[in-house]
Amino acid sequence: MAHMKRCDHPDPVTEPKHRIRALHTDSTITVYQAYSPEIALAAARDGRFPEVWQRDRMTWIKPSFLWMMYRCGWGGKEGQEHVLAVEITREGFEWALRHACLSYYEHGLHTDRSTWRRQLRRAPARVQWDPERDLHLQPLAHRSLQLGLTGEAARLYADEWIVSITDVTPLARMIHTHVQGAELDIAHQLLPDERPYPVSDEALAHLHR
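Here the structure is a predicted model, which means the values were calculated and not measured. (Residues numbered from 1 in each chain as written. Predicted model: local features only at pLDDT ≥ 70, side-chain atom pairs only at ≥ 80, totals over all residues. Heavy atoms only, no water.)

A.B. asks: Residue-level account of the packing of aromatic side chains, with values.
C.D. replies: Under the definition given, this model contains eight aromatic pairs. Taking the centre distance of 5.7 Å and the plane angle of 70 degrees together, the rings of Tyr35 and Phe49 count as edge-to-face. You can see Tyr35 sitting in strand β2 (residues 28-35) and its partner Phe49 sitting in the loop between α1 (37-46) and β3 (59-61), a full 14 residues away along the chain. Comparing Tyr35 with Phe49, the two get one shared label, buried. Ring plane angle 80 degrees and centroid distance 5.3 Å describe the contact between Phe93 and Tyr197, whose orientation is recorded as edge-to-face. Separated by 104 residues along the polypeptide, Phe93 in helix α3 (residues 90-98) and Tyr197 in the loop between β9 (195-196) and α8 (201-205) bring together distant segments of the chain. Among the residues examined, Phe93 registers a relative accessible area of 0% and is labelled buried. Members of the aromatic cluster, connected to one another through ring pairs, are Tyr35, Phe49, Trp53 and Tyr157. Over the face of the ring belonging to Tyr70 we find Arg133, whose NZ or CZ atom lies 3.6 Å from the ring centre. (Phe/Tyr/Trp six-rings, centres within 6.5 Å; stacked < 30°, edge-to-face > 60°. Helix = DSSP H or I, 4+ residues; strand = E, 2+ residues; numbered from the N terminus. Buried < 20%, exposed > 50% of the residue type's maximum accessible area, 1.4 Å probe, protein only. Lys NZ or Arg CZ within 6 Å of the ring centre and 35° of its normal.)

This is the structure:
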């Protein structure tokens, strides 16, 4: 998996509302998902999702570690006890962005609601922008990407894009322990190094306003 080090806090004054921030290398990007032990332990062991992982259902991947912590309650929610860091190819990730549709209607971006609904039904990926979270999992002003994959995109994700799968539940618990102990500087140092992802303007142009 890509290297982890200190993740500098974005400047709330200059940080754009919509930006993909992620742990990434020249060829890969790391996204997060949380699963039950049945799926997660097998995935981390084998480097691919087991047969019980359903390729015909929509799956949501999240480049933001702290948004994943908010979603799974630091790995405390039922069915989300294990947090996986899934390193995938940037080529695959950007294919999903190019073929994605916003999960909600946006006036001025879409011609009309009917056109948006048709695009959404056809799209193998959908984009949702959710408030980024701080170490206390409170919402921030800027937003982070959540990318839903279905149909062709879900199959490509599971079978072709994955480079590695790492169970980062111990890291999540360690960071949470430091947060609970008000040791925020230590917790901050342990966060993944999420930097602005250099996605092309063309890839993002149809995904937000």
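A.B. asks: Could you give an account of the side chain of Glu87, naming the residues involved and the relevant values?
C.D. replies: With respect to the helices and strands, Glu87 occurs in strand β4 (residues 82-89). Here Glu87 sits buried without a salt bridge, and the closest side chain of opposite charge, Arg195, lies 10 Å off (N-O distance). Within the structure, Glu87 has its side chain in polar contact with the side chain of Thr28 (distance 2.6 Å). (Lys, Arg positive; Asp, Glu negative; His and termini not counted. Salt bridge = Lys/Arg side-chain N within 4 Å of Asp/Glu carboxyl O. Polar contact = N/O pair within 3.5 Å; in protein donor to acceptor, adjacent residues only side chain to side chain.)

A.B. asks: Which residues make up the sheet that holds β3, and what are the values?
C.D. replies: The strand order β3-β7-β6-β5 describes an open sheet built from four strands, whose pairing is mixed. This sheet does not close on itself; its edge strands, each paired only once, are β3 and β5 (100-102). Averaged over all neighbouring strand pairs, the angle between strand axes comes to 40 degrees, with direction disregarded. Inspection of the sheet shows β3 paired to strand β7 (residues 139-149) by three bridges, in the antiparallel sense. Within the sheet, the bridge partner assigned to Ile61 lies in β7 and is Leu147. Each of β6 (125-133) and β7 touches helix α2 (residues 65-72); the most contacted strand, β6, lies at about 90 degrees to it. Sheet contacts for helix α5 (residues 152-161): β3 and β7; angle to β7, the most-contacted strand, approximately 85 degrees. (Pairing = 2+ DSSP bridges. Axes fitted to C-alpha atoms, helices over the stretch in contact; angles between N-to-C directions. Contact = heavy atoms within 4.5 Å.)

A.B. asks: Outline the pairing of β4, supporting the account with residue identities and numerical values.
C.D. replies: Counting buried residues in β4 gives seven out of eight residues, a clear majority hidden from the surface. Taken together, the eight bridges between β2 and β4 define a ladder with antiparallel strand orientation. Within β4, the residue paired with Thr28 across the bridge is Thr89. Here β4 pairs with strand β8 (residues 162-167) via five bridges, running antiparallel.

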